[in-house]
Structures are given as structure tokens and as C-alpha cells.
Amino acid sequence: MKITNLFRDRMVFSFEIFPPKKTSPVETIYSTLEALQDLHPDFISVTLGAGGSGNGTNAIAIARRLKEEYDVLPMAHVPCIHRTKEEIDNILNELQDAGIENVLALRGDIVPDTPVPEDFSHASELIAYIQEKGDFDIGAACYPECHPSAPNLDVDIQHLKEKVDAGATHLITQLFFDNEMFRDFRYQAQRAGVNVPIEAGIMPVTNRKQIERMVTMCGASLPRKFTKLVQRFEDQPEALRDAGIAYAVEQIVDLITDGVDGIHVYTMNNSYVARKITEAVSGILRAAPIC
Ligand code: FAD
């Protein structure tokens, strides 16, 4: 099943997970997979680190398990900046052998002191390459508040259009906390000819450290309502978790009301949070209009 086809008749609801650290056995994530399966997402995407010589074995094993053991549609992230064509070929071959046809084609963040082979500079090159390699359904990343290294949003959207022209058939956004940013971005992207489904990436923030790390990494703007919430509950973990879930639910309800193509929840491997969110919006998901 190709993810692109899911958008044809309904709003898509999906999750993202990351593999356990290299020092932990892959089995440590199995209980999370089981719990997420119960929530019946349309697909689950599995991240893969950009750096190092990692061949994605754990990530691919998890994607494979999702498909074979849990009957959940997997999507494998494939970042290219630190990989040669040969390394990408190996990953694609493994995915094909596992019957995994959905990939999120990414440049990846440049890891300091790690070699950058000259094979790929941008995700659009990887997308074109994967197109030639097999029958994959290719998604790509996009940035409602502009990618941090792009000079401005117009230029970034031009580069996004190159990814769609190269063969990306759906997009997932970077996390954001201000729905207005997403609305403006979607409008501008459409005007620029980016006419593929865009899933909104929602990160339920449940602890203070996580917020600090994310804001440094992706520079998402924080609406006053959000910062007030964090300040009020920062020393009360349970209250902050519940407030973070409530904030994410409010964002999702607003986006669905607006006719968003899909919601992609960055679960951070926290199945409790994913369940709370899914339960809170399940009736709305069922009622979401056909796009
Ligand atoms: P690109 O589309 O190549 O864009 C990167 C920058 O280059 C942008 O500023 C763009 O404007 C610019 N650019 C693009 N084309 C050109 C061109 N032709 N000329 C000049 N400039 C150009 N990272 C991981 O390592 N692993 C993951 O699993 C992962 N999953 C992610 C999932 C999502 C949904 C998102 C939003 C991000 C994810 N990332 C992941 C992070 C991502 O790899 C980084 O944000 C990275 O910096 C950019 O990747 P990209 O694919 O968007 O790159």
C-alpha cells in the first residue's frame, strides 16, 4: 500500500517513532510498537540518523516488524547527506527485500566531523535517485517557518517545489506550535505550485528539556499561550504532560476543522501520550470530511 493513495479519500493520521540507541537492543521498542498498533494509525514512520556509517539495520528491522508482526504500514526515513550512492542502494535493497515501499527522502542534518561524500547535496537529488531505483512512494520534509539554513521562506518553498517536481508525492512538516504559521505556509506553497498533500507535524510537548532542545534545533516560534503553559507547569511533570497533550489536541482539532490533509504525531516513542491524543480526537478523525 502506498501512502499517497491514502490521501485520496480521507484525512491521514500517522505517528513517528525513532529506533532505540545503538547501545540498547532493538527489542526495547517492541512494547511501544504494540501499544501504537492498538491505536490504528494509517502509518508509522521510523527515523534514521543522518550521520555515521549506520546502515539503518535497526530502523529497517523496526519498519519490517511493524509490517509483518503488527500489520501496520511502515514508512522508512532515508537521509542522504553522509551516505554514498552505494550506501543508499544497500538501504533501498533492504527495504525492497522487506517489502517496504514507503520512504521519507531527506538530506539530513550535517553532523560535525563526519565525512560528506559528494553523491548527494540536497533531498531533491535523493528523490530523483530513488525514483530511478524502484517502485517507491516518496515523501519529503517541509518547513512552515522556513528551514534554518534557507535565506527566506520564498526560496525554501522554491526548493520544496524542486522536491515535488523530482517525485515527492506528499510532505510532512517540521513541528510547529502556531497553526497560523502552517496556514500561511500552506497557502504560499500552493501558490508556488506545491500541490501535493501536506501532513502537519505535531509534537506534544511533555517535558521542559524536550522543549529547550527542540527550540534550539528547529527554531519553532512559541506562541504566548504555549510559553505561559510551560512556565506555569515546568516544575510539575504530570501537569506539564497533561497540558502539553491538551495543547496538541487543540492544535489538531483546529487543523482538522480547516481541512488539513493529515496529522503526523511525533510520538517520541511515548505510547501513553499517543494514546491520550488519539482518544481525544478519534470522533473528529472519523468525522473528518473527505478531502
Ligand atoms: P533539503 O530539502 O535538501 O533542504 C535543506 C536546505 O537546503 C534547505 O534550506 C533548502 O532550502 C536548501 N536547498 C534545497 N535544495 C537546494 C538547492 N538546489 N540549492 C540550494 N539550496 C537548496 N533528519 C534525519 O537525519 N533523520 C530523520 O529521520 C529525519 N526525519 C525528519 C522528518 C521530518 C518530517 C522532518 C521535517 C525532518 C526530518 N529530519 C530528519 C531532519 C532533516 O533531515 C533536516 O531538517 C535537514 O536539515 C533538511 O532535510 P531536508 O530533507 O528538508 O533537506
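Details of the structure are given in the entry above.
Since we're looking at a predicted model, the values are computed, not measured. (Residues numbered from 1 in each chain as written. Predicted model: local features only at pLDDT ≥ 70, side-chain atom pairs only at ≥ 80, totals over all residues. Heavy atoms only, no water.)

Participant: Is there a simple way to explain the overall build of the protein in this structure?
Facilitator: Helix and strand content of the protein: 11 helices and 8 strands. Relative to its length of 291 residues, the protein is compact, with a C-alpha radius of gyration of 18 Å against a globular reference of 19 Å. Considering only C-alpha atoms, the protein reaches an extent of 50 × 45 × 45 Å along its principal axes. Out of the 291 residues belonging to the protein, those deemed buried represent 51%. When contacts within the protein are restricted to residue pairs at least 6 apart in sequence, long-range pairs at least 24 apart make up 82% of them. Approximately 13700 Å² of the protein is accessible, and the part contributed by carbon and sulfur atoms is 48%. Charge separation in the protein, taken as the distance between the mean sites of 28 positive and 42 negative side-chain charges, equals 5 Å. (Helix = DSSP H or I, 4+ residues; strand = E, 2+ residues; numbered from the N terminus. Rg over C-alpha atoms; globule rule 2.2 N^0.38 Å. Buried < 20%, exposed > 50% of the residue type's maximum accessible area, 1.4 Å probe, protein only. Contact = heavy atoms within 4.5 Å. Areas by Shrake-Rupley, 256 points an atom, 1.4 Å probe, with all protein chains shown as cover. Lys, Arg positive; Asp, Glu negative; His and termini not counted. Charge placed at Lys NZ, Arg CZ, Asp CG, Glu CD.)

Participant: I keep staring at the packing of aromatic side chains and nothing clicks. Help me out?
Facilitator: Remark: the centre distance and the inter-plane angle together describe each pair of aromatic rings, the angle taken between the planes. Under the counting rule described, the total for this entry stands at 5 aromatic pairs. Measuring from ring centre to ring centre gives 5.6 Å for Phe-13 and Phe-15, while their planes differ by 70 degrees; the resulting arrangement is edge-to-face. Look at Phe-15 and you get buried, because its relative accessible area is 0%. Arranged with centres 5.4 Å apart and planes meeting at 75 degrees, the rings of Phe-120 and Tyr-129 form a pair that is edge-to-face. Looking at Phe-120, the relative accessible area reads 2%, which means it is buried. Ring pairing ties together the aromatic residues Phe-177, Phe-226 and Tyr-247, which thus form one cluster. The aromatic ring of Tyr-30 is capped on one face by Arg-65, whose charged end is 3.6 Å from the ring centroid. (Phe/Tyr/Trp six-rings, centres within 6.5 Å; stacked < 30°, edge-to-face > 60°. Lys NZ or Arg CZ within 6 Å of the ring centre and 35° of its normal.)

Participant: When you look at helix α5 (residues 123-133) in this model, what are you seeing that I'm missing?
Facilitator: Taken together, the buried positions of α5 are occupied by Ala-123, Ser-124, Leu-126, Ile-127, Tyr-129 and Ile-130. Each element contacted by the buried residues of α5 is listed here: β3 (74-79), α4 (85-97), β4 (102-106), β5 (137-142) and α6 (153-166).

Participant: How should the pairing of strand β6 (residues 170-173) be read in this particular structure?
Facilitator: The side chains of a regular strand alternate, first on one face of the sheet and then on the other. Burial along β6 is two-sided: the face carrying His-170 and Ile-172 and the face carrying Leu-171 and Thr-173 are both buried. Across 4 bridges, β5 lies against β6 in parallel orientation. Bridge pairing in β6 places Cys-142 opposite Thr-173. Sheet analysis places β6 next to strand β7 (residues 198-202), joined by 2 bridges and oriented parallel. Bridge pairing in β7 links Leu-171 to Ile-198. Handedness of the crossover is the feature at issue here: the chain leaves β6, passes through helix α7 (residues 179-191), returns alongside β7, and the resulting connection is right-handed. (Pairing = 2+ DSSP bridges. Right-handed = clockwise from strand over helix to strand, strands pointing away.)

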